[in-house]
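Here's the letter readout for the chains.
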Amino acid sequence: MDVVRALVDEAARRARGLEVARSAVGRYAYVELSDGRAGVAYVDWDWVSPFREYRDLPVDAAEAARLALSYDPVEAAYGVATINALHDDNLADADPLDVVRVPEGSTVSMVGYIRGYVRRLAGRYKLRVFEARPVDDPSVLPWYAEEGLIPGSDLVIITGVAVVNKTINRLLELARGSKVVIVGPSTPMIAAPFRGLVSALGGSVVADRDAAYRLVTHGYGAEALLRMRVLRKATLVMQGLES
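Sequence order sets the numbering: in each chain, residues are counted from 1 along the sequence as written. Where local features are concerned, this predicted model is filtered to residues with pLDDT of at least 70; where side-chain atom pairs are given and counted, the filter is 80 or more; whole-chain, interface and lining totals use all residues. Side-chain measures here rest on the full set of heavy atoms in the structure, leaving out hydrogens and waters.

J.: Just to check I follow, could you spell out the pattern of salt bridges for this structure?
T.: Pairing is possible between side chains that carry opposite charge, provided their charged atoms lie close to one another. For this analysis, a salt bridge means a side-chain nitrogen from Lys or Arg found within 4 Å of a carboxyl oxygen belonging to Asp or Glu. Under the counting rule described, the total for this entry stands at 20 salt bridges. The salt bridge involving Lys233 is made with Asp95; its shortest N-O contact spans 3.1 Å. Remark: Asp95 occurs in the loop between helix 3 (73–85) and helix 4 (96–99) and Lys233 occurs in strand 10 (residues 231–237); sequence separation between them is 138 residues. The buried category is assigned to Asp95, whose relative accessible area is 10%. One salt bridge in this structure joins Arg120 and Asp98, with 2.5 Å as the shortest N-O distance. Of the two residues, Arg120 is situated in helix 5 (residues 115–121) and Asp98 in helix 4; the sequence distance between them amounts to 22 residues. For Arg120, a relative accessible area of 29% translates into the label partly exposed. Numbering of helices and strands starts at the N terminus; helices are DSSP runs of H or I of at least 4 residues and strands are runs of E of at least 2. Exposure classes here rest on a 1.4 Å probe applied to the protein chains alone. A residue is buried below 20% of its type maximum, exposed above 50%, and partly exposed in between.

Encoded structure:
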């Protein structure tokens, strides 16, 4: 199943009649819709060409959501931010790792380095973290180790950036049989495309639209947005939970 395409189709259906009221692109893309909902998604500036051709971003919300299929990093983030504004309503005010648990000593694989989670999990679990860039941490391995080491994990934690860069489909294949949680502000919290594939979606809800727009415009990232309570962590619980 192509999860990103399924997300786009569902978001485009929800977005009918809506427009993008305002948007900003910095370290994150911010999209606010005409009904007042808003979302964010990470922009991978390492792959934005300085010679990138100028293109207007769509105002129609359904068209904006379809940009999640683009391989242009700015367009893709704009599309996923639009999708993230269209999240499900039945969200819990919780961190996903508080509701999806495995016994201490279990093997946990994390795709993407999230400092807070690494600190929380290190020493209690057999932790492997996969990153595209070197990180000075003994638990971090190069991204290409995912193919051999994700299968058989007890828990797989994937950052929502995998939706933006379209690696999510392969990662979910590798994680088949494991508990899976997708985390971070780029995570789309729409259940249908992920049903039967993940245990929980742990994303963020924009709590202060004006502040989010201002901070993204000024180049702030997720840690600042969360610390300043401009974003609020939220979790969509799916299946396969253990206390």
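J.: Looking at this structure, I do not really get helix 3. What am I missing?
T.: Working note: α-helix, 3.6 residues per turn, so residues spaced by three or four point in the same direction. Under the convention used throughout, the expected extent of a helix is 1.5 Å for every residue step, that is, one less than its residue count. For helix 3, built from 13 residues, the straight-helix expectation of 18 Å at 1.5 Å per residue is met to within 8% by its first-to-last C-alpha distance of 18 Å. Judged by how many residues are buried, helix 3 sits mostly within the fold: 13 of 13 residues are covered. Pairs of N or O atoms are called polar contacts if they sit within 3.5 Å, as long as, within protein, a hydrogen donor faces a hydrogen acceptor (for residues adjacent in sequence, only side-chain-to-side-chain pairs). For helix 3, the side-chain oxygen to backbone nitrogen distance between the N-cap and Val74 is 3.0 Å, and the N-cap itself is Asp72.

J.: Got a minute to help me understand the packing of aromatic side chains in this structure?
T.: The geometry of an aromatic ring pair comes down to the distance between the two centres and the angle between the two planes. We call Phe, Tyr and Trp rings a pair once their centres come within 6.5 Å, taking the six-membered ring for Trp, and we label the pair stacked below 30 degrees between planes, edge-to-face above 60, and tilted otherwise. Applying the stated criterion to the full structure yields three aromatic pairs. Residues Tyr28 and Tyr42 carry aromatic rings whose centres are separated by 5.7 Å and whose planes lie at 75° to one another, so their mutual orientation is edge-to-face. In this pair, Tyr28 is assigned in strand 2 (residues 28–33) and Tyr42 in strand 3 (residues 38–42), connecting sequence segments 14 residues apart. Ring plane angle 80° and centroid distance 5.7 Å describe the contact between Trp143 and Tyr144, whose orientation is recorded as edge-to-face. Seen from the ring of Tyr213, Arg22 lies directly overhead, with NZ or CZ sitting 4.6 Å from the centre. For a Lys NZ or an Arg CZ to count as sitting over a ring, it must be within 6 Å of the ring centre and within 35 degrees of the ring normal. Above the face of the Tyr71 ring, Lys166 is positioned so that its terminal group lies 4.9 Å from the ring centre.

J.: What is the right way to read the sheet that holds strand 5 (residues 126–131) from this model?
T.: In a beta sheet, neighbouring strands are held together by backbone hydrogen bonds and run either parallel or antiparallel to one another. At least two DSSP bridges between two strands are needed for those strands to be called paired. Taken together, the seven strands give an open sheet; going across it, the order is 6-5-4-7-8-9-10, and neighbouring strands pair in mixed fashion. Two strands lie at the open edges of the sheet, namely strand 6 (140–142) and strand 10, each paired on one side alone. Each adjacent strand pair in this sheet contributes to an overall mean axis angle of 25°, direction not counted. Direction of pairing for strand 7 (residues 155–159) relative to strand 8 (residues 179–183): parallel, over a ladder of five bridges. Among the inter-strand pairings, Val156 is bridged to a residue of strand 8, identified as Val180. In this analysis an axis means a line fitted to C-alpha atoms, helices contributing only their contacting stretch, and an angle means the value between N-to-C directions, from 0 to 180 degrees.

J.: Looking at this model, I keep getting lost on helix 1 (residues 3–14). Mind explaining?
T.: Here helix 1 contains 12 residues, and its C-alpha end-to-end distance of 17 Å stays within 8% of the 16 Å for a straight helix at 1.5 Å per residue. Taken together, the buried positions of helix 1 are occupied by Val3, Val4, Leu7, Val8, Glu10, Ala11 and Ala12. Those residues of helix 1 hidden inside the fold are in contact with helix 2 (61–66), helix 3, helix 7 (161–164) and helix 8 (168–174). The backbone nitrogen of Val4 has a side-chain oxygen 3.2 Å away, supplied by the residue at the start of helix 1, namely Asp2. Note on contacts: a residue pair is in contact if any heavy atoms of the two residues lie within 4.5 Å.

J.: Quick question: what am I supposed to make of the layout of surface pockets here?
T.: With a probe scaled to a water molecule rolled over the atoms, the places where space remains empty come into view. Cavity means a closed set of points on a 1 Å grid over the protein atoms alone, one where a 1.4 Å probe fits but cannot get out, pocket means an open set with protein on both sides within 12 Å along at least 5 of 7 lines, and lining means a residue has an atom within 4 Å of a point. Grid points are joined across faces, edges and corners, and a volume is the space filled by probe spheres set on the points. Of the voids in this model, the second largest pocket is the one considered here, and its volume is about 230 Å³. For the second largest pocket, the lining is made up of 17 residues, of which Leu172, Glu173, Arg176, Gly196 and Leu197 are closest to its centre. Those elements giving two or more residues to the lining of the second largest pocket turn out to be helix 8 and strand 8. A total of four residues in the lining of the second largest pocket trace back to one element, the largest contributor, which is helix 8.

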